[in-house]
Amino acid sequence: MSSESRRRWWWPLVAPLTALLVSSAPPGATPQAALVVPPPTPTWAPLPAQAEPPPSTRPSEDLDVPLVRVMLGDRLRSVRLSGDGLWWSGPDGRRHAVDGDARVVPDRGALRLGTQRLPSGTSFGGLDGSVRFSGRSYAGTIQLVVRGRGIMAVNHVDLEHYVAGVVAAETLGSWGSEVKRAQAVAARSYTLASLSRRGDRPYDLTVSSLVQLYKGKKVDAATRRAVESTRGVVLESRGRIVSAYYTSSCGGHTEPARGLAGGTAGVKGVADPWCARAPGGKWHVDLDPSAFGETLAGRGVAEGGPVTSLAVSRRTAAGQAAEVTAVVGGQAVQMKAKDLRFLVGPAQLRSTRFSIRRHGLGFRVEGTGFGHGSGLCQWGAHAQAAARRDWQRILGFYFPDARLRTLY
Ligand SMILES: [Zn+2]
């Protein structure tokens, strides 16, 4: 979802409008919410003016591997960290042992650990190269940055450990090594393309499922082997790293995605017969005309009363719905299809590859696929791997304009 769409008029409505739904009955197993991966620009919260924190201690000895800064939590009133031989390190880089667990609270622009006052930007690590935060273990270090009256926790982790954590969270354990390898290359490329947009923020990515999931260093052996076997490999097109999105299932055709600001290369759309049997790949949602009309009126874009007509009024070249038009009280209201998706709830209205027809007294939105539909189709990749295609061929299928390059 773009920042533009987030700023639209109904954005305060973050929670899915379950009242809108007469029924929502996608067949098959429910894919992980994790797999909803709308692409582009994460929307960063506006930041209060703060001094930039000092760079943290590099967690990896491997200087070739880029460092990724992943925001794990923000506006925290208290942070508890634990680890084997926990230490903290300030601006001078010297390590100081922590006796037991660390409970850190904000203290007038700085951090307080017990009776010690530490500067914003202090990093914490463990002697085994990992640290625990909020029930999960993270490779690398965790930097605590004072933001307003709270604390932001940022995991500084090398790219390979990060990609392993993402692949473990984004693929099912039962999936084979080839799809995990393909996923690793896509996640590595996407992440590096994101790093090229680094701004003044103290982090590069969040753990949100809106971008890519990351649950720390708990990674099974098969996933770790798959990631290691593609170490440093990225997708490149015309000399630039591809912002390689991935989507749970594309619904039959992937959607082209332009490169993001900062000059990352784009993604082409391809016809994909491989995800036809993805669980929940075909779905429908029934909308109640009165509830929908009330919702639009509540957003100030219609006078009220039931929606008398609802139709897709524009499609993308690759076939996704781009815009829908609702008629309320004789007045036509246009909205982006992806805004309708997030208005209804992205787990119910699973993609914008849909059509709309009258059904009973209401409207039935029928669609295929789950997610934004761009880049690597995860269920399609899984089916290709099951048909003995290797990871290079799978990536070549979804990114036909790109080639593989080993960066380190
Ligand atoms: Zn697909």
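Residues numbered from 1 in each chain as written. Predicted model: local features only at pLDDT ≥ 70, side-chain atom pairs only at ≥ 80, totals over all residues.

A.B. asks: Sorry if this is basic, but what is going on with helix α2 (residues 159-170) here?
C.D. replies: Side chains three or four residues apart in an α-helix point the same way, a direct result of the helix having 3.6 residues per turn. Helix length check: α2, at 12 residues, gives a terminal C-alpha distance of 16 Å against a target of 16 Å (1.5 Å per residue), a fit within 8%. Of all the 12 residues making up α2, 12 are buried; the element is thus mostly covered by neighbouring parts of the structure. Restricting attention to buried positions, one finds in α2 the residues Leu159, Glu160, His161, Tyr162, Val163, Ala164, Gly165, Val166, Val167, Ala168, Ala169 and Glu170. Contacts made by the buried residues of α2 are with β2 (67-76), β11 (136-139), β13 (150-158), α3 (177-195) and α4 (221-228). (Helix = DSSP H or I, 4+ residues; strand = E, 2+ residues; numbered from the N terminus. Expected span 1.5 Å × (residues − 1). Buried ≥ 20, exposed ≤ 12 C-beta atoms within 10 Å, placed from the backbone. Contact = placed C-beta atoms within 7 Å.)

A.B. asks: Explain the pairing of strand β3 (residues 79-82) here, please?
C.D. replies: Only one face of β3 is covered, namely the face carrying Val79 and Leu81; the face carrying Arg80 and Ser82 is uncovered. Across two bridges, β3 lies against strand β10 (residues 130-133) in antiparallel orientation. Bridge pairing in β10 places Ser82 opposite Arg132. (Pairing = 2+ DSSP bridges.)

A.B. asks: How should I be thinking about the packing of α3 against α4 in this particular structure?
C.D. replies: Two quantities define a packed helix pair, namely the angle between the helix axes and the distance between the axes. At their nearest, the axes of α3 and α4 sit 8 Å apart, and the two run at 55 degrees to each other. When the axes of α3 and α4 are compared, the pair comes out oblique. Considering only the axes of α3 and α4, their crossing is right-handed. Touching Ser177, Lys180, Arg181 and Ala184 of α3 are Ala222, Thr223, Ala226 and Val227, all from α4. (Axes fitted to C-alpha atoms, helices over the stretch in contact; angles between N-to-C directions. Parallel < 35°, antiparallel > 145°, perpendicular 65-115°, else oblique. Left-handed = near helix turned anticlockwise from the far one by under 90°.)

A.B. asks: Just checking my understanding: could you explain the nonpolar core for this structure?
C.D. replies: Soluble globular proteins tend to bury their nonpolar side chains together. Val70 and Ala244 are the most contacted members of the largest nonpolar core, which has 81 residues in total. Sorting elements by how many residues they give to this core places α3 first, with nine residues. Among residues more than four places away in sequence, those in contact with Val70 are Val154, Asn155, Val157, Tyr162, Tyr203, Leu205, Val207 and Tyr214. Val285, Val324, Ala326 and Leu349 belong to the second largest nonpolar core, which has 22 residues in total. (Core = buried A, V, L, I, M, F, W, Y, C linked by C-beta atoms within 7 Å.)

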